Amino acid sequence: MGLFSKMRSKAPANDNLNVARALLAAPVMMATADGKVEESEVQEIINLCMQNNIFVSLGLNRTTDLVKEVMLDLAKRGQTPVFDDAIGVLAMELRETGICFAVRVAISDGHIDETEFQTLVAMAQKAGLTADRFHQIFEVLMMLHRSKAA
Amino acid sequence: MPVVSEKGKGGANFSAYVLFSEGVQFSPSEIRAALLEDYPALELEVGEVSSAFDNQCDTDEFITCPLFVGDRGPDAALTTLIRLPGYGTWDARALRHLQKVQCPDIDERLSRNQSYICISCAASDDTTISAFRAARLASCLAAVFAKLPVALAVYWEQADHFLSPEAVVEMADAAMSDDWPTKQWIGLDIERTDPDGRPLFSAVSFGLEAFKSYEVHYAFAPVPPNEAAQWVMSTAQMALEFGNEFQDGNTIGVEDDADGFKLRIRDYAETTEAGTKRVKMLFHPDCPIDHEDLCGPTPGIEPPAGFDNKVQPNWGFFKRMIRGQRAH
């Protein structure tokens, strides 16, 4: 005979939540790279998340809380340990997803400057993506944000 | 067998029996809190549990406990936790092979089974979306219990098969992403016969009826058993995920199949002890049964030769439907 609450505390942690938290590292780092966080950037990250099944399964409120948790974690521990932890949690396919999110955040204002681009390249390298793979991702997402014919 | 109300008289009922190696004590408010912690995207507006409904439950004793009383939200299906003395035990020797496929060591697990809880969720109406929501809620609640270290297995009644605790967590996670955990929610049975010395196989679904008011039956044909099973599961997937409505006489085939292989779909009313059951029969071209003898003349007019009128999948149909209902 056992108590539910006692047994539950011994149950394995929710992997989905850890994966979701790790996925947010790159886009939140991108949003906070200039030292300040616009409400619109937070909203952009949440909008992106709600198109992904991992975050759909967590719901809007939990996702919003997670974005705030990752922001606080970044402010407290700094970028390197947060990003290293995220890479440790994510398989290669999901690291690509995290980089996609980061690119989307970087280009959400319609343009991307050299510093932002180099930050993305550095994150992709650290996540183990090849240069070719990163450029594929980048080009496709730039196409998505075209506002007029070239 | 699935408990399905008649059309227009309410929705299907989904039951999951979580088997334990020892008794578990809990209160309904603990289960509600654990459910919302693990599955926060459920659309449930829960209030405080009245003390009248929050008694301590023990899976070694009699339990009939409503879980969501007066709560609101699209996912707030009528839910009851049940444990009746002398019910919910299985004899491992009496199980069919396909009841054990998703929990291969169920014989050993059943030998350690000391206690259980049955989770029962009723869909609010007879639509597929309501049935999905009720099955999803039952899956999430089953997963809350299945994560306990004393959980051995879960018997999913509508599919008439056992699932490992890991498969139950996978089932709940998939449903929370608005995917259909078809492998867990729909069970299968395969039969073999050997007329004239050649083996023929048939396959039939268990549990699709709760969502679509019919089962799929692949009629005996000289095909490998896994082929018959795959056609049944693919047809169920098309009905559930892609929203395909199969009309009597339609055909389905393999995409880009140059030989034009196709199965004929026929409506059939099967008489069982529980009454009449609607079945979509799939007939292979080499099936020895004449579908018109069994199901009557094929309705409609055959298309001209070379004209492709196979049923096409509508990718993402269900996800668009259920996500369109979300408040945000």
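All values reported here derive from a predicted model rather than from experimental measurement.

### Regarding the domain arrangement of chain A
Residue and element names in this part refer to chain A. Under the domain assignment, chain A is made up of domain 1 (39–77) and domain 2 (90–150). Placing a centre on the C-alpha atoms of domain 1 and another on those of domain 2 gives a separation of 18 Å. Counting from both sides, the interface comprises 4 residues of domain 1 and, opposite them, 4 residues of domain 2. Looking at the side of domain 1 that touches domain 2, its residues break down into 2 nonpolar, no polar and 2 charged.

### A word on the interface of chain A and chain B
By a frequent convention, interface size equals the accessible area lost on bringing the separate parts together. Between chain A and chain B, the residue contacts involve 20 residues of the former and 20 residues of the latter. Within the residue set of the side of chain A that touches chain B, elements represented by two or more residues are β1 (2–3), α1 (4–8), α5 (53–56) and α6 (60–77) of chain A. If one sorts the elements of the side of chain A that touches chain B by residue count, α1 of chain A sits on top with 4 residues. Tallied by class, the residues present in the side of chain A that touches chain B amount to 9 nonpolar, 8 polar and 3 charged. Bridge count between β1 of chain A and strand β2 (residues 24–26) of chain B: 2 bridges; the pairing is parallel. Among the inter-strand pairings, L3 of chain A is bridged to a residue of β2 of chain B, identified as Q25 of chain B.

### Some details on the domain arrangement of chain B
Residues and elements named next belong to chain B. By domain assignment, chain B separates into domain 1 (13–185) and domain 2 (187–320). Contacts between the two partners involve 14 residues from domain 1 and, on the opposite side, 16 residues from domain 2. Only α4 (128–146) and α6 (182–185) provide two or more residues apiece to the side of domain 1 that touches domain 2. A per-element tally of the side of domain 1 that touches domain 2 places α4 first, with 3 residues. Grouping the constituent residues of the side of domain 1 that touches domain 2 by class yields 7 nonpolar, 4 polar and 3 charged.

Rules used in this analysis
Residues numbered from 1 in each chain as written. Chains lettered and ligands numbered in written order. Predicted model: local features only at pLDDT ≥ 70, side-chain atom pairs only at ≥ 80, totals over all residues. Domains from an automatic or database assignment. Contact = placed C-beta atoms within 7 Å. Nonpolar A, V, L, I, M, F, W, Y, C, P; charged D, E, K, R; others polar. Helix = DSSP H or I, 4+ residues; strand = E, 2+ residues; numbered from the N terminus. Pairing = 2+ DSSP bridges.

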